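In case you want the letters, here they are:
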Amino acid sequence: MAWNSKFPTVSGCHILSLLILESCWLLGSSSPKPPVLADSQQPQQEYAHSIRIDGDIILGGLFPVHARGERGIPCGELKKEKGIHRLEAMLFAIDLINKDPELLPNVTLGARILDTCSRDTYALEQSLTFVQALIERDGSDARCANGEPPIFAKPDKVVGVIGASASSVSIMVANILRLFKIPQISYASTAPELSDNTRYDFFSRVVPPDSYQAQAMLDIVTAMGWNYVSTLASEGNYGESGVEAFVQISRELGGVCIAQSLKIPREPRLGEFDKIVLRLLETPNARAVIMFTNEDDIRRILDAAKRNNLTGHFLWVGSDSWGSKISPVVQQERVAEGAVTVLPKRVSVDAFDRYFKSRSLSNNRRNIWFAEFWEENFGCKLGMHGKRPGSPKKCTGLEKVGRDSTYEQEGKVQFVMDAVYAMAHALHQMHRELCAGYPGLCPRMANVDGKELLGHIRSVNFNGSAGTPVIFNENGDAPGRYDIFQYQINNLSVAEYKVIGHWTNQLHLNMEALQWTSGDSSLPASVCSLPCRTGERKKVVKGVPCCWHCERCEGYHFQASEFTCELCPYEKRPDRNRTGCQPIPIVKLEWSSPWALVPVFISVLGIVATAFIVVTFVRYNDTPIVRASGREMSYVLLTGIFLCYVITFPMIAAPDVVVCSFRRIFLGLGMCFSYAALLTKTNRIYRIFEQGKKAVTAPRFISPASQLAITFSLISVQLLGILAWFAADPPHTFVDYGEQRTQDPRSARGVLKCDISDLSLICSLGYSILLMVTCTVYAIKTRSVPETFNEAKPIGFTMYTTCIIWLAFIPIFFGTAQSAERMYIQTATLTVSLSLSASVSLGMLYVPKVYIIIFHPERNVPKRKRSFKAIVTAATMTSKLSHLAAERPNGEVKTELCEGVEASVPPKQTYVSYTNHAM
């Protein structure tokens, strides 16, 4: 394919220049190199830093065989596990595939494996080897130093690349490989940004991205009940991308807040880790620390926490860079105790263990770095050109891996093999599609189309070396499968990583297997604010949704949600926990209450007394005293008194429609009966004596029939008002929740009432009070009438006392309107006032008469009849005598009276009945 037709010119020129320089260097070495096999004892210069295995299809490989070099040296010390183990895993997988008759039959896989030296820029230079065969070289204008035209060695055509390890290296290499449409499958790169299918469309991986790991770690934090955590990242793509993924997912899902996000520099200064630990301590409630850091940084952070006496304070949550490794926690077991770590689910491949332990210097010459591994692994030196010049021990070549040295399979071996097998399965599908029935490679697969191969890679589905399916999603990511570990110290003080759960799209955690410091199984907290108690709402701190203040729902409010308090409906109050509302209890005046017992006692006495007087009057109905009292009006008055006593019972009874109806009818009717009768009496007396001053003729309407007519006409006004009230507003009951709505909802009560408002009460009693006031006015006007003439003065005393009672009633009744005991006080006050009013009338007007009737019957005799003129004259003279007695000395009045008046006042009290005279 032509470079200019597909790719940017600038990039093509740079790559072409590198290749031309390489060709000129080869020309200076005297002659072109023939193809050299990997098992050759003396590899040619072209392949001095790579492994080359011939095959029909060549796969590229990128492994961190060496660590990053220092002081300008690209490569440092050998990495035995991450480098050699992983590299050998690829070679082992290729051997197995080439021996498998079912997978790629008659097709041999080859390899071109390069060392990245754990450096992204160096890996980029090395990866140019993979694209040489895809560039058309034009050397017409190029000349070498000796003037000869460059000679181009035929490069291997790589159809796919296995690697790289570090995410930063994979990102750098992926940017080149995608230009040439070379698929790439990584076995260890987990940076989330590699999931961007628009930028890294030819990149796939058999390990889950850190976004899955971040999700798993977030699920762990959530399961622990931690909502306030700090994050710690090593500077670089892995750490920063992992923390960024964790922070982003936590923001999207909510529920977890980040207290601090700290970064460890690539080259930390002295005391840097102590500063980081102290900064983490600035938010002491954020005990959980999410770590996306490398092994060295983990070890140094733990050491800093130990130096600052913070053992047991932090709750470490480590990523797969911590996993189940021993090196970060050596001699720091106590400070690392309780750490929860995640690691992609993996198994140890037993077949690889057997393969690797069987490797020796004689049977593994294809691995050009194996001799260096041998020296490093056994601590010896191979001849004069060995890599360990200072080693006193000389290698014999008879050493054995696992016998003469410790051996533990590196954790990513499984994924390296899965990556190779994924590429092989994709090639197998492509071969079946393009070369159906053709043995070996057919012409259509002579030049493998990278885009077509990528499609087959994304569609593979097979069981990998761990027995789990190897599949890719649309972004080339493997599904997330993690084991969850916790670093625990048992009773024998032995520290170990214990599997406490796993994560496969969702978390499965064995909470009972958790163990924290000193064998404590109780779950430690890492929260900004403790949960609010029931009945309290959260008042969130602005900008920090996981921090809040707890505010109790006061008064009649209940906790409607985690963040709000709402007012209960008017007829309800909060329950004990303030998590809901319950009906307010309904109360009424009970018969057993002291507020009811006193009025009932007075009422019963009054009813008994009234009944006794009525019976006495009926029995002595024709005696002078009863006749002189005006029998008809007395019975009307006694009826009113009786009603005043009886009203106590419906006022205390439990309200219903019938009781409310009786209250409306009899509340003012008893007083109306009483004061209508008294008003008629006082008015009659007043008219009689006023008429006597002017003439000797009797005034109109003073007969008993007239008096009854006047009385009932006054009562009819009250009855008409009651009927109008019934028509406008039929009686009913209701519950008054405002009367006893105290500040403390626990004391709140609803009062069952009749629908008689204070205004209705005033209107009902107002007419009776008007009659009472009018009667009092007439009593004052007739105060000078001699007591021998009917009941003017007893009526006067009755009205004065009644007015005092009702004047005391008004402030007591209306002054307690805001009291919590309002119902009891007002009901008792009203009923007692009515009973006292009736008792005053009964005592003043009827008790003296009954006393004479029963105990002094000799005085209950008729007197001689006199004319109306004689009666009026006697009353007038008596009145004058009273006035003169007030103006003259003693003795003078009697002289004047004897001279001017023929009739004198009787020495004994007599009862004059106007009914005995013709009016």
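Residues numbered from 1 in each chain as written. Predicted model: local features only at pLDDT ≥ 70, side-chain atom pairs only at ≥ 80, totals over all residues. Heavy atoms only, no water.

The end-to-end C-alpha distance of helix α17 (residues 631–646), which contains 16 residues, comes to 22 Å, matching closely the 22 Å that a straight helix rising 1.5 Å per residue would cover. Among the residues making up α17, those that are buried are M633, S634, V636, L637, L638, G640, I641, L643, C644 and Y645. (Helix = DSSP H or I, 4+ residues; strand = E, 2+ residues; numbered from the N terminus. Expected span 1.5 Å × (residues − 1). Buried < 20%, exposed > 50% of the residue type's maximum accessible area, 1.4 Å probe, protein only.)

The subject of this paragraph is the environment of G318. Mapping G318 onto the fold places it in strand β12 (residues 315–318). For G318 and Q486, which are 168 residues apart along the polypeptide, the C-alpha to C-alpha distance reads 9.8 Å. Once you skip the residues sitting within four places of it in the chain, G318 turns out to touch M217, M291, V340, T341 and V342. (Contact = heavy atoms within 4.5 Å.)

Here we come to unusual backbone geometry. Put simply, G163 and A164 share a cis peptide bond, and its omega is 5 degrees. Relative to the helices and strands, A164 resides in the loop between β6 (158–162) and α5 (167–177). With a phi close to 65 degrees, Q331 is a non-glycine residue in the positive phi region. Here Q331 is to be found in the loop between β12 and α10 (333–336).

Here we come to the pairing of strand β16 (residues 482–489). Counting buried residues along β16, 8 of its 8 residues qualify, which places the element largely inside the surrounding structure. With burial as the criterion, each face of β16 is covered, one bearing Y482, I484, Q486 and Q488 and the other bearing D483, F485, Y487 and I489. Of the pairings in the sheet, the one linking strand β13 (residues 340–344) to β16 comprises 5 bridges and is antiparallel in character. Each bridged residue has a counterpart across the sheet, and for T341 the counterpart in β16 is F485. As paired strands, β16 and strand β17 (residues 495–503) are joined by 8 bridges and run antiparallel to one another. (Pairing = 2+ DSSP bridges.)

Looking now at the sheet that holds strand β7 (residues 184–186). Across the sheet, 6 strands lie side by side as β1-β5-β2-β6-β7-β8; this open sheet has mixed pairing. Looking at strand neighbours, the two that pair on one side only are β1 (50–53) and β8 (203–205), the edges of this open sheet. Strand-to-strand twist across the sheet, computed as the mean angle between neighbouring axes with direction ignored, equals 20 degrees. When β7 meets β8, the two strands line up parallel, connected through 3 bridges. Along β8, the bridge assignment pairs Q184 with F203. Helix α3 (residues 80–99) contacts β1, β2 (57–63), β5 (109–115) and β6 of the sheet and is inclined by roughly 170 degrees relative to β5. (Axes fitted to C-alpha atoms, helices over the stretch in contact; angles between N-to-C directions.)

For the rest of this paragraph, the subject is the pattern of salt bridges. Taken as a whole, this structure holds 26 salt bridges when the rule is applied. In this structure, D54 and R52 form a salt bridge, with 2.6 Å as the shortest nitrogen-oxygen distance. Of the charged contacts in the structure, one is a salt bridge between E562 and K538, with a shortest N-O distance of 2.2 Å. With E562 in the loop between β21 (557–559) and β22 (565–567) and K538 in strand β19 (residues 536–541), this pair connects stretches of sequence that are 24 residues apart. You can call E562 partly exposed: its relative accessible area is 38%. Connected through salt bridges with shared partners, the residues K82, E295 and K325 form a single ionic network. (Salt bridge = Lys/Arg side-chain N within 4 Å of Asp/Glu carboxyl O.)

Okay, the packing of helix α15 (residues 594–619) against α17 next. Where α15 meets α17, the axes come as close as 9 Å, and the angle between the chain directions of the two elements is 160 degrees. The angle between α15 and α17 falls in the class roughly antiparallel. Handedness of the crossing formed by α15 with α17: left-handed. Of the residues in α17, those touching α15 at I602, S603, G606, I607, T610, I613, V614, F617 and V618 are S634, Y635, L638, I641, F642, Y645 and V646. Looking at side-chain class alone, the contact of α15 with α17 contains 12 nonpolar, 4 polar and no charged residues. (Parallel < 35°, antiparallel > 145°, perpendicular 65-115°, else oblique. Left-handed = near helix turned anticlockwise from the far one by under 90°. Nonpolar A, V, L, I, M, F, W, Y, C, P; charged D, E, K, R; others polar.)

Let us look at the side chain of S674. Structurally, the position occupied by S674 is in helix α19 (residues 657–694). Among the polar contacts made by the side chain of S674, one reaches the main-chain amide nitrogen of I641 at a distance of 3.4 Å. Apart from residues no more than four positions distant in its own chain, S674 is found in contact with L637, G640, I641 and C644. (Polar contact = N/O pair within 3.5 Å; in protein donor to acceptor, adjacent residues only side chain to side chain.)

Let's shift gears to the sheet that holds strand β27 (residues 749–754). One open sheet holds the 3 strands; their spatial order is β25-β27-β26, and the pairing between them is mixed. Across the chains shown, the open sheet's two edge strands, defined by having one partner strand only, are β25 (586–587) and β26 (733–740). One ladder, built from 5 bridges, connects β26 with β27; its direction is antiparallel. If you follow Q740 over to β27, its bridge partner there is R749. Against the sheet, helix α23 (residues 822–845) contacts β25, β26 and β27, and its axis sits at roughly 115 degrees relative to β26.

Inspection of the entire model under this criterion finds 9 disulfides. Cysteine C775 remains unbridged, with the sulfur of C803 as its closest cysteine sulfur at 8.8 Å. For C775, a relative accessible area of 0% corresponds to the buried category. (Disulfide = S-S within 2.5 Å.)

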